[in-house]
Amino acid sequence: MSSKKNKPATGGNKKREDQQRENILQAVVLTDSYQTKFRPLTLETPRCLLPLANVPLIDYTLEFLSLAGVEDVFIFASAHADKIEEYIRNSKWNMPSSPFTKCQIVMSPSSLSVGDAMRELDGKSMITTDFLLVNGDFVSNLPLEGVLQTHRDRRTKDKNAIMTMILREAGFEHRTKARGESGVFVIDEASNRCVHYEEMRPSDKGTILLPSELRKQHPKLRIRADLIDCQVDICSPDVPALFTENFDYQHIRRHFLHGILTDYELYGKTIHTYIVSEGYAARVRSLQTYDAVSRDIIGRWTYPLVPDNNLGPDQNYTMERGNIYKEEDITLARSCLVRRNTILGRGVSIDEGSVVGNSVIGAGCKIGKNVVLDRAYIWNNVVIGDGCKIQNSIIASSAVLGEVCLLRGSIVSFGARVSQGTELGPLSKISSYNRRKTRSEDEQASAEQDGLTYSTQHLSFSDSDISTVPGEDSDSDSDSSDGEIIPRANKNSRSDSTTSFEDGDESWHREASTSLLNAMENDHPTEVANLELNGLRMTTNAGFHQVRRAVVTALVTRIEQVVTKDSISTGVASSKVLKRWESTFKRCVFERKDQVDFLLLLQKECCSRTSGGALLLNIVQVLNNTLELVMEEAVNDWWLDERSSTDEKMLAVRKPTEAFVKWLAEAESESESESESESESESESESEDEEENSEDSDEE
């Protein structure tokens, strides 16, 4: 009898526990940006542990989560996972006084994208309720109560509302927006549902194409390109599961968001937006935003995340007039000058005649005589010789600068030494990373040829101790139509910072095109070949532009082989090969601009072929006329694109295709004329019928 009475109580307790568990707010922190914008600094230290205003970046993110009431935190670590684990284990976030109930490190060195991270989390079944997805370089004081309640209310009514994106209202050219990147959100005004998304690049000329059905289904749409998107999302457990279902999804916006919105009829899932106009939100995703966010912290826009609240371990900053923050044990010469908007860490010493302003100086730094620092970010234990002038530059921990050095817009990485009198201009990057790796004489000679130009004799170390890294990395969190993705360094070996990024792309292109051509020659199943090509893409985080280039090379080569082997015409061979590998084309060409990009790559490839003109004509005809994989509009866009007529070779190879392009234009014009005449005939017929009906009624 008693056992029967206890059963309902047990069930009730379980239900209450489930409800309580559902109300627990979980967060996933992605510590890896999956970019190379901060190289060479991130060759040795993960971005999330780089100091921002003398505090590791990830501490700002975790402070934001604690203020938001998050209880369970999963820190997903990929690159330098061991260093992240060590830092968190010894930090306040792992202490009994931590605001988090659970702070767990998820180590996955093999993950190369957000998609890989989501699939890993889904496979481990770690997410039990809706969670907050943020990056480890996020700085914010946004209140989350309103957006959390809105998301939960929406989920209660509609379980298919799987994600809410938190976006900050700002101007088109806000200082914390990454330059060259802009997401355009098309939002239904009534429901705040995002119905379309595009990533805009400078080459896109500010134009987006909206599907016509959107305007019919959603009468009131707002197109927003003025939002700061820090990729902070409230997600349901469906989000990691959808990444698992779609192995091609790598990027949270470009692939996942675009894919779910495009395939709404297939999945039936909706994604909403929550736009805030107050509070601070920014990601430190580039050197430009590093500078902007640093100045905002000093200017107290991020309050309470400010220096004198002492976020870092054992810090004791006090604030003085003019936004000057000082720690203890600082030594300032009488004739030195510390100007406004400056942070001075513990144990800093500044010698006679030096001027420091709008800068951040880390703990233990020694600044010599007559040094000028303006918007300089000097990390811990740096030594700067007399007479140096440093503007808009980052000097990483333990670096040493000789006397009378001039740095403008430069980066000096950890432990590097710069000799007396060195001048470094914008985008110069100096690293001592490779000197810890034993190299052969050939490798060392190659490194010296790659621009090791600075005298190092008076500092008593060899030329191989310093390597130069090329200017601003082009890996902008994207695979834009013309962009190149810089391959991630192999995690099991130290990378050579003097290696040309273009060489890496060429190496990937050769490997991918050769692999696909081998599959074609051996008549492998298309599914297997596509999977292998996608695996190569994911391994190096290559963009779809690179994939299309590899596909073009393999297809053109295979068509030439078939022409020779089977003694058939180029047209028949093109039709045969393209029909066989149609699915491969569809796996890398998704929309009109991709079709244009494919045709441009095809034209360029045909320039190097003996029968390039015939190849180009027949392939374009098959793609458009036979298989209908390329629209007439895309062919016209390609033909009018300036890149298709840049030089004599490009003009010559497309000459045989000119008649076909004109025929397409004329056919389209005739089709429009026929449509107009048909509509006129119909209207005339209708008017005649009306007249007859009118006469009949008069007779009656």
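Cut-offs used in this document
Residues numbered from 1 in each chain as written. Predicted model: local features only at pLDDT ≥ 70, side-chain atom pairs only at ≥ 80, totals over all residues. Heavy atoms only, no water. Core = buried A, V, L, I, M, F, W, Y, C linked by side-chain atoms within 4.5 Å. Buried < 20%, exposed > 50% of the residue type's maximum accessible area, 1.4 Å probe, protein only. Helix = DSSP H or I, 4+ residues; strand = E, 2+ residues; numbered from the N terminus. Contact = heavy atoms within 4.5 Å. Polar contact = N/O pair within 3.5 Å; in protein donor to acceptor, adjacent residues only side chain to side chain. Disulfide = S-S within 2.5 Å. Pairing = 2+ DSSP bridges. Axes fitted to C-alpha atoms, helices over the stretch in contact; angles between N-to-C directions. Parallel < 35°, antiparallel > 145°, perpendicular 65-115°, else oblique. Left-handed = near helix turned anticlockwise from the far one by under 90°.

### Quick look at the nonpolar core
It is characteristic of soluble globular proteins that their nonpolar side chains tend to be buried jointly.
So, step 1. Membership of the largest hydrophobic core comes to 52 residues, with the highest contact counts inside it found for Leu 602, Leu 623 and Trp 638.
So, step 2. Contributing elements (two or more residues each) for this core: α12 (501-521), α13 (526-540), α14 (544-566), α15 (570-580), α17 (592-606), α18 (612-626), α19 (632-640) and α21 (658-699).
So, step 3. Residues within four places of Leu 602 in sequence aside, it is in contact with Val 552, Val 556, Leu 616, Ile 619 and Val 620.

### Some points on the side chain of Asp 226
So, step 1. By secondary structure assignment, the location of Asp 226 is in the loop between β11 (221-224) and β12 (227-235).
So, step 2. Judged by its relative accessible area of 14%, Asp 226 is buried.
So, step 3. Within the local environment of Asp 226, its side chain forms a polar contact with the side chain of Arg 224, the two groups lying 2.9 Å apart.

### Considerations on the state of the cysteines
So, step 1. A full pass over the atoms with the stated rule returns zero disulfides.
So, step 2. The thiol of Cys 607 is unpaired, and the distance to the nearest cysteine sulfur, on Cys 606, comes to 7.5 Å.

### Brief notes about the sheet that holds strand β25 (residues 383-384)
So, step 1. Here six strands make up an open sheet; going across it, the order is β17-β20-β23-β25-β27-β30 and the pairing parallel. Edge positions in the sheet fall to β17 (331-332) and β30 (417-418), since each has one partner strand and no second.
So, step 2. Two elements, β17 and strand β20 (residues 349-350), share two bridges in a ladder whose sense is parallel. What sits directly across from Thr 331, in β20, is Ser 349.

### Thoughts on the packing of α17 against α18
So, step 1. Relative to each other, α17 and α18 sit at 155 degrees, their axes nearing to 9 Å. The angle between the axes of α17 and α18 places the two elements in the roughly antiparallel class. Considering the relative orientation of α17 and α18, their crossing is right-handed. Here Phe 598, Leu 599, Leu 602, Gln 603 and Cys 606 of α17 lie close against α18, whose contacting residues are Gly 612, Leu 615, Leu 616, Ile 619, Val 620 and Leu 623.

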